[in-house]
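Here are the chains, one letter per residue:
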Amino acid sequence: MPESDLALLTRAARAAAETALTYTGEALNVRYKAADGSPVTDADMAVNRVLSGILRAARPDYGWLSEESADDPARLSAGHVFIVDPIDGTRSFIEGSDSWAHSLAVARDGAVTAAVILMPMRDRLYSAALGEGATLNGTALAASGVADPEQAQVLATKPAADPKHWQDGTPGFHRVHRPSIAYRLGLVAEGRFDAMVTFRATWEWDIAAGALILSEAGARMTDRSGAPIRFNAPVPQHDGIVAANPALHARLLAAIVPRV
């Protein structure tokens, strides 16, 4: 039987982890991207090569979108596209922390159909295939049922809690932060936290895998205005993210100051 996209992503993520874990300390060769000042290391680039080699060899007709590859417009005409972040949470990786992930997804016609988030240092494998549910290390996931923002535990950076973003002041939710966006989305799908909110422009490679895992766990993810995310966009960046179970998602959206 041919290898499914989910099985392929899982195999590639395991290989990525083996590569990433060989890099430590001075071997990282940290530098900063001119575009946004974000860090990149030799580990990011090595993992990107491993993922490209495995995934593109297995599916040569799929497009390719990766944080660490030059964007190829040919992806826009591909029926399927890989959307990957070789190491999500590079700052955490540089610091020697364990909150970094490999985030891998396949999108078809704008929708994610297979997804894997692997956190090697925490031995956590979030995965999902469209219509087949989401799992963490093989155990089914379900988002929380908390509907009241005042009672919610929300993953967000400190700037996202600034009252300027909220119509009647910042809701009384309990704010928590984790470095990797992919990990934050996995935690919401897992039900350990109730929502994730960011008002920053968000790249597709950070959120594609999490989008399907959330959806298959019964949660909803949109941009900050409530618009659904269509993946493999010409400019693969979207206007913030709100992710939560449908009831909480609706109440958070209603509380956010609209874009002028």
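Residues numbered from 1 in each chain as written. Predicted model: local features only at pLDDT ≥ 70, side-chain atom pairs only at ≥ 80, totals over all residues. Heavy atoms only, no water.

(A) Molecular detail of the side chain of T113. Mapped onto the fold, T113 is located in strand β6 (residues 111-119). Note on T113: relative accessible area 12%, which makes it buried. In this view, T113 contacts V106, A107, R108, A128, A129, L130 and L212; residues no more than four positions away in its chain are not counted. (Helix = DSSP H or I, 4+ residues; strand = E, 2+ residues; numbered from the N terminus. Buried < 20%, exposed > 50% of the residue type's maximum accessible area, 1.4 Å probe, protein only. Contact = heavy atoms within 4.5 Å.)

(B) Highlighting the pairing of β6. With 8 of 9 residues buried, β6 is to be regarded as a mostly interior element. In this sheet, β6 lies alongside strand β5 (residues 101-108) in antiparallel orientation, the contact comprising 7 bridges. Residue pairing across strands places L104 opposite V116, the latter belonging to β6. Linking β5 back to β6 in an antiparallel pair, the connection comprises 2 residues, with D109 at a positive phi of about 50°. Direction of pairing for β6 relative to strand β7 (residues 124-129): antiparallel, over a ladder of 6 bridges. (Pairing = 2+ DSSP bridges.)

(C) Spatial organisation of helix α6 (residues 246-255). Within the sequence span of α6, burial applies to L248, H249, L252 and L253. An end-on view of α6 places all buried positions within 135° of arc, on one side of the element. Capping the start of α6 is the job of one residue whose side-chain oxygen sits 3.2 Å from the backbone nitrogen of A247: N245. (Arc of directions from axis to C-beta. Polar contact = N/O pair within 3.5 Å; in protein donor to acceptor, adjacent residues only side chain to side chain.)

(D) Structural context of unusual backbone geometry. In this structure, N29 is a non-glycine residue whose phi angle is positive, near 50°. Turning to its location among the elements, N29 is positioned in the loop between α1 (5-20) and β1 (31-32). In the Ramachandran plot, D109 falls in the positive-phi region, its phi being about 50° despite a non-glycine side chain. Along the chain, the position of D109 falls in the loop between β5 and β6. Residue classification places D109 among the exposed residues on the basis of a relative accessible area of 58%.

(E) Representation of the pattern of salt bridges in the model. Following the criterion strictly, the structure yields 11 salt bridges and no others. With a closest N to O distance of 3.2 Å, D98 and R122 form a salt bridge. Of this pair, D98 sits in the loop between α3 (90-95) and β5 while R122 sits in the loop between β6 and β7; the two residues are 24 residues apart in sequence, bridging distant segments of the chain. On the basis of relative accessibility, which here comes to 28%, the residue D98 falls in the partly exposed class. In this structure, R124 engages E190 in a salt bridge whose closest nitrogen and oxygen atoms are separated by 2.6 Å. With a gap of 66 residues between them, R124 in strand β7 and E190 in helix α4 (residues 181-190) connect regions that are remote in the sequence. (Salt bridge = Lys/Arg side-chain N within 4 Å of Asp/Glu carboxyl O.)

(F) Up close: the packing of aromatic side chains. In this structure the tally under the stated criterion is 6 aromatic pairs. Between W166 and F173, the aromatic rings sit 5.7 Å apart at their centres with planes inclined by 65°, giving edge-to-face as the arrangement. On the basis of an interplanar angle of 10° and a centroid distance of 4.8 Å, the ring pair of W203 and W205 is categorised as stacked. One aromatic cluster is present, built from ring pairs that chain together Y62, W64 and F82. (Phe/Tyr/Trp six-rings, centres within 6.5 Å; stacked < 30°, edge-to-face > 60°.)

(G) Geometry of the sheet that holds strand β12 (residues 195-203). A sheet is described by the order of its strands in space; here 5 strands give the open sequence β11-β10-β12-β14-β13, paired in mixed fashion. Edge positions in the sheet fall to β11 (174-176) and β13 (220-222), since each has one partner strand and no second. Neighbour-to-neighbour, the strand axes of the sheet open up by a mean angle of 20°, direction not taken into account. Examined bridge by bridge, β12 and strand β14 (residues 237-244) share 7 bridges and lie antiparallel to one another. Residue pairing for β14: T198 is matched across the bridge by I241. In the packing of α4 onto the sheet, contacts are made with β10 (153-155), β12, β13 and β14, and the angle to β12 comes to roughly 150°. (Axes fitted to C-alpha atoms, helices over the stretch in contact; angles between N-to-C directions.)

(H) Quick look at the packing of α4 against helix α5 (residues 204-216). Put simply, α4 and α5 touch, their axes get as near as 8 Å, and they point 5° apart. Compared by their axis directions, α4 and α5 come out roughly parallel. The segment α4 lies against α5, with I181, A182, L185, V188 and A189 engaging D206, I207, G210, A211, I213 and L214. Looking at side-chain class alone, the contact of α4 with α5 contains 9 nonpolar, 1 polar and 1 charged residues. (Parallel < 35°, antiparallel > 145°, perpendicular 65-115°, else oblique. Nonpolar A, V, L, I, M, F, W, Y, C, P; charged D, E, K, R; others polar.)

(I) Summary view of the environment of V30. By the element assignment, V30 lies in the loop between α1 and β1. Residues V30 and A12, spaced 18 residues apart in sequence, show a C-alpha to C-alpha distance of 24 Å. Once residues lying within four places of it in the same chain are set aside, the contact partners of V30 are P39, V40, T41 and I94.

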